[in-house]
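# Results of the structural survey
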Amino acid sequence: GQNIDQPTEMTATEGAIVQINCTYQTSGFNGLFWYQQHAGEAPTFLSYNVLDGLEEKGRFSSFLSRSKGYSYLLLKELQMKDSASYLCAVSAHSGNTPLVFGKGTRLSVIA
Amino acid sequence: DVKVTQSSRYLVKRTGEKVFLECVQDMDHENMFWYRQDPGLGLRLIYFSYDVKMKEKGDIPEGYSVSREKKERFSLILESASTNQTSMYLCASSLGNTGELFFGEGSRLTVL
C-alpha cells in the first residue's frame, strides 16, 4: 500500500525556523514534492527532490533520505504569510502515475 | 504563464441535480486529474486521464464520471449530486516526466 505521514498541525513564531517532517512507505519511488496551499486556494509547487540531500531555494529548503523514506521541509525567517498547509506528495512510479499525497500540515505563524 | 482554469469557483446545487465541473489547461499536458479536498482527509483522487478519451479510476470514483474529448479539457460529472459530495474540487494537469502537478483554482461545490 501507499502511506504518507506528516503532522496535522504546527505552530511557530514569526522570524523563527520550522521543520515539517514527512515519512512515506510507497511501492516505488520516483521523487518527492512539497506543495504550499493557502486557505481557500489551490496548492502551489515548492520543491522536488529525487536524490538524497538538501535542496535550498531561498528561505525554503527540502531534504530527502530515500533509504529512510523521510523528507522534511525547512522554513527559515518565518513570515506571517507562511501560514498555510504544506502537502508532501510522492511520485511512486513513472511521471504518468498520480502522486500520492499526505493529508497536509497546517502551519500557523504567530507574532 | 501556465494555466489550469476551472469553470466555476463556487456552485450551489440541489440533491439529485446533474453537475458539470469543467477544467481547461493551456500547457499541452497529457495527464489531467480531478481531486476532492475535505478537512482532515487531504486530497483524494477521483479520476485521471493520460490521453484523450482515456480515463482511469482514482481512489474514490463512486458517484462521479469524467469526460476527456479534447486534450486540453477534462470534465467531472456528478450524475445525481448528493450532500456528501459537498467539497472543494481541484483539477490538475502534468506533463508526465516528473509528475509535477499544476492545479486550478478549485471549485467549491455545496449540495443542499
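Read on for an overview of the structure. All figures in this text were calculated on a predicted structure; none of them were measured in a lab.

Assigned secondary structure in chain A consists of zero helices and 11 strands. Secondary structure elements of chain A, listed N to C terminal, follow the sequence β-β-β-β-β-β-β-β-β-β-β. In terms of overall size, chain A behaves like a compact globule, its C-alpha atoms giving a radius of gyration of 13 Å where 111 residues would be expected to give roughly 13 Å. Within chain A, the fraction of its 111 residues that count as buried is 48%. Taking all contacts inside chain A whose residues are at least 6 apart in sequence as the whole, residues at least 24 apart take part in 57%. Carbon together with sulfur atoms contributes 49% to the accessible area of chain A, which is approximately 5200 Å² in total. Across chain A, the 8 positively charged side chains and the 9 negatively charged ones have centroids separated by 4 Å.

Residue and element names in this part refer to chain B. In terms of residue burial, strand β10 (residues 87-94) counts as a mostly covered element, since eight of its eight residues are buried. Going residue by residue along β10, you find S87, Y89, C91 and S93 tucked away on one face and M88, L90, A92 and S94 tucked away on the opposite face as well. Where β10 meets strand β12 (residues 107-111), three bridges bridge the pair, whose relative direction is antiparallel. Residue pairing across strands places Y89 opposite S107, the latter belonging to β12.

For the structure on display, the rule yields two disulfides over all chains. A sulfur-sulfur separation of 2.0 Å characterises the disulfide bridge that pairs C22(A) with C88(A). The sign of the S-S torsion, about -70 degrees, decides the handedness of the disulfide formed by C22(A) and C88(A): left-handed. With a gap of 66 residues between them, C22(A) in strand β3 (residues 18-25) and C88(A) in strand β9 (residues 84-91) connect regions that are remote in the sequence. Each sulfur in the disulfide pair C23(B) and C91(B) lies 1.9 Å from the other. Taking the sign of the S-S torsion, -75 degrees for the link of C23(B) and C91(B), the bridge is left-handed. Taken together, the residues span a long stretch of sequence, with C23(B) in strand β4 (residues 23-25) and C91(B) in strand β10 at a distance of 68 residues. Look at C23(B) and you get buried, because its relative accessible area is 0%.

What counts and how
Residues numbered from 1 in each chain as written. Chains lettered and ligands numbered in written order. Predicted model: local features only at pLDDT ≥ 70, side-chain atom pairs only at ≥ 80, totals over all residues. Heavy atoms only, no water. Helix = DSSP H or I, 4+ residues; strand = E, 2+ residues; numbered from the N terminus. Rg over C-alpha atoms; globule rule 2.2 N^0.38 Å. Buried < 20%, exposed > 50% of the residue type's maximum accessible area, 1.4 Å probe, protein only. Contact = heavy atoms within 4.5 Å. Areas by Shrake-Rupley, 256 points an atom, 1.4 Å probe, with all protein chains shown as cover. Lys, Arg positive; Asp, Glu negative; His and termini not counted. Charge placed at Lys NZ, Arg CZ, Asp CG, Glu CD. Pairing = 2+ DSSP bridges. Disulfide = S-S within 2.5 Å.

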